[in-house]
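Report on the structure
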Amino acid sequence: VQLVESGGGLVQPGGSLRLSCAASGFTFSSYGMSWYRQAPGKVRELVARITSTGGSTNYADSVKGRFTISRDNAKNTVSLQMNSLKPEDTAVYYCHGYIRDYDYWGQGTQVTVSS
């Protein structure tokens with residue numbers, strides 16, 4: 001199983017970024033996927049998750065209405081569209097899957113929101 005994130009960077013408050021996670025090594029369309037984030041000195045927290053078909057999504061209260069999780073099962077990718085970014089969104093963002101009874105994480109991608 002391999003999860004590889006991309007798309008992080010530096011953005012001004014109010015800006016947008018789109019993160020992507022390329023998955024391989026398992027039947028992607030059979031598993032729900034999630035995005036987590038971890039800010040310096042804080043615990044890792046769930047940001048958003050999506051079911052295997054993409055038919056249902058859940059979000060942390062702090063990102064509802066600003067972030068959108070989606071997936072493309074033909075391309076084995078899961079994405080996180082982040083709009084109206086705030087400085088408190090600054091963190092390392094991780095793609096996650098609970099695959100065959102194990103937790104798998106990507107390497108993380110840094111998102112920094114600053115003027």
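Structure: see above.
Throughout, residues of each chain are indexed from 1 in the direction in which the sequence is written. Thresholds applied to this predicted model are a pLDDT of at least 70 for local features of residues and 80 or more for the giving and counting of side-chain atom pairs; totals over whole chains, interfaces and linings are not thresholded and use all residues. Excluding hydrogens and water, the side-chain figures rest on all heavy atoms present in the structure.

**Some remarks on the environment of Tyr-36**
Relative to the helices and strands, Tyr-36 resides in strand 4 (residues 33–38). Separated by 32 residues in sequence, Tyr-36 and Val-4 have C-alpha atoms that sit 14 Å apart. Residues are treated as being in contact if the distance between any of their heavy atoms lies within 4.5 Å. Here Tyr-36 is in contact with Arg-44, Glu-45, Leu-46, Val-47, Val-92, Tyr-93, Tyr-94, His-96 and Trp-105, once residues within four sequence places are set aside. Helix numbering and strand numbering both begin at the N terminus, where a helix is a DSSP run of H or I of at least 4 residues and a strand a DSSP run of E of at least 2.

**Section: the state of the cysteines**
Disulfide: a pair of cysteine sulfur atoms within 2.5 Å of each other. Overall, the coordinates contain 1 disulfide when judged by the stated rule. Disulfide pairing places Cys-21 opposite Cys-95 at an S-S distance of 2.2 Å. Between Cys-21 and Cys-95 the sulfur-sulfur dihedral comes to about -80°; the bridge is accordingly left-handed. You can see Cys-21 sitting in strand 3 (residues 17–24) and its partner Cys-95 sitting in strand 9 (residues 91–99), a full 74 residues away along the chain.

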